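Architecture and fold: a report
Take a look at the letters that make up each chain.
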Amino acid sequence: MASINVNVSGTYHALKSVYVNLSGTWTPVKQVWVNVSGTWKQVFSSFSPVTHTYTTGTGATETVPSGASNVVITVWGGGGSGAFKASGSGGGGGGGGGYTTQSISVSGISTFTYTVGTGGASVTTGNGASGTASTVSGGTVSLTANGGGPGLTTPAGGAGGTTSGTGTGTTGSAGTAGAASTGGNGGASPNGGATAVYSGGLEDGNAPGGGGTGGNAANDTRSGAGAAGQISFAYT
């Protein structure tokens, strides 16, 4: 965004506030726009940037702050949990949740509806559990970051979560296969939770959206749980 500058004794200074006189009362202006060749451009805003971040919520409402002009929405799906094997090789690690983001003007948008995906629960036997999807909708926005897949006793790792909708999405990393007495690593969620590394014992997924490691009875009593997803709204 451009700024309004005034020349004071030969030095230009950016305005921090703008007031107009309405019927004898000076009133602060929240935004100033100018028309440049038929296109309206914002040159001043009194709005202070703010970010709202959520790690839980189902069908919840996000209210756009007064004075905001733009929002960057960032979404991670929940991570899958690893599998658990009682003998032989360790279970496969869970997949990382998908990641998607979108920047959009909030003109004409007052609210968004969002759901934050949950991580797959750890297991004490068998295949792991999938993470669930995180979603955001409102105005022209429709964002989905799917959860990571479950680790398997085969012992393959779980698939990374995919994405869909109006944003720019990246699929989460797959978990890795288990090996002799070793659980597979949990997959990473792009720009979010890092890889959970099995090193002598299980590890839960890293937030946001990371997959949990596989488990093996030689070292563990359960598999690693997937991390919950996350949604953030960064307003300017």
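Here is a short report on the structure shown in this document. (Residues numbered from 1 in each chain as written. Predicted model: local features only at pLDDT ≥ 70, side-chain atom pairs only at ≥ 80, totals over all residues. Heavy atoms only, no water.)

1. Let's talk about the sheet that holds strand S12 (residues 111-115)
Taken together, five strands build an open sheet; the order of strands is S8-S12-S13-S14-S15 and the sheet is antiparallel. Sheet topology places strand S8 (60-63) and strand S15 (163-165) at the edges, where each strand pairs with a single neighbour. Adjacent strand axes in the sheet meet at a mean angle of 15° when their direction is disregarded. As paired elements, S12 and strand S13 (residues 134-138) share three bridges and run antiparallel to each other. Bridge pairing in S13 links Tyr114 to Val136. (Pairing = 2+ DSSP bridges. Helix = DSSP H or I, 4+ residues; strand = E, 2+ residues; numbered from the N terminus. Axes fitted to C-alpha atoms, helices over the stretch in contact; angles between N-to-C directions.)

2. Some remarks on the sheet that holds strand S18 (residues 230-235)
Spatially, S7-S18-S9-S11-S16 is the arrangement adopted by the five strands of the open sheet, whose pairing is antiparallel. Only two strands of the sheet have a single neighbouring strand rather than two, namely strand S7 (50-54) and strand S16 (168-170). Looking at each pair of strands side by side, their axes are set apart by 10° on average, direction ignored.

3. A closer look at the side chain of Ser69
Structurally, Ser69 is set in the loop between S8 and strand S9 (70-76). Take Ser69: its relative accessible area is 16%, and that puts it in the buried class. Here Ser69 is in contact with Gln31, Gln42, Ser105, Val106, Ser107 and Thr236, once residues within four sequence places are set aside. (Buried < 20%, exposed > 50% of the residue type's maximum accessible area, 1.4 Å probe, protein only. Contact = heavy atoms within 4.5 Å.)

4. Focus on the packing of aromatic side chains
A complete count under the given rule lists six aromatic pairs for this structure. When the ring of Tyr54 is compared with that of Tyr114, the centres are 4.5 Å apart and the planes differ by 25°; the resulting orientation is stacked. Of this pair, Tyr54 sits in strand S7 while Tyr114 sits in strand S12, placing them 60 residues apart in sequence. Given a relative accessible area of 6%, Tyr114 falls into the buried group. With centroids separated by 5.3 Å and ring planes inclined at 50°, the aromatic side chains of Trp76 and Tyr99 adopt a geometry described as tilted. Of the two residues, Trp76 is situated in strand S9 and Tyr99 in strand S11 (residues 99-105); the sequence distance between them amounts to 23 residues. Pairwise contacts between aromatic rings join Tyr54, Phe112, Tyr114, Phe233 and Tyr235 into one cluster. (Phe/Tyr/Trp six-rings, centres within 6.5 Å; stacked < 30°, edge-to-face > 60°.)

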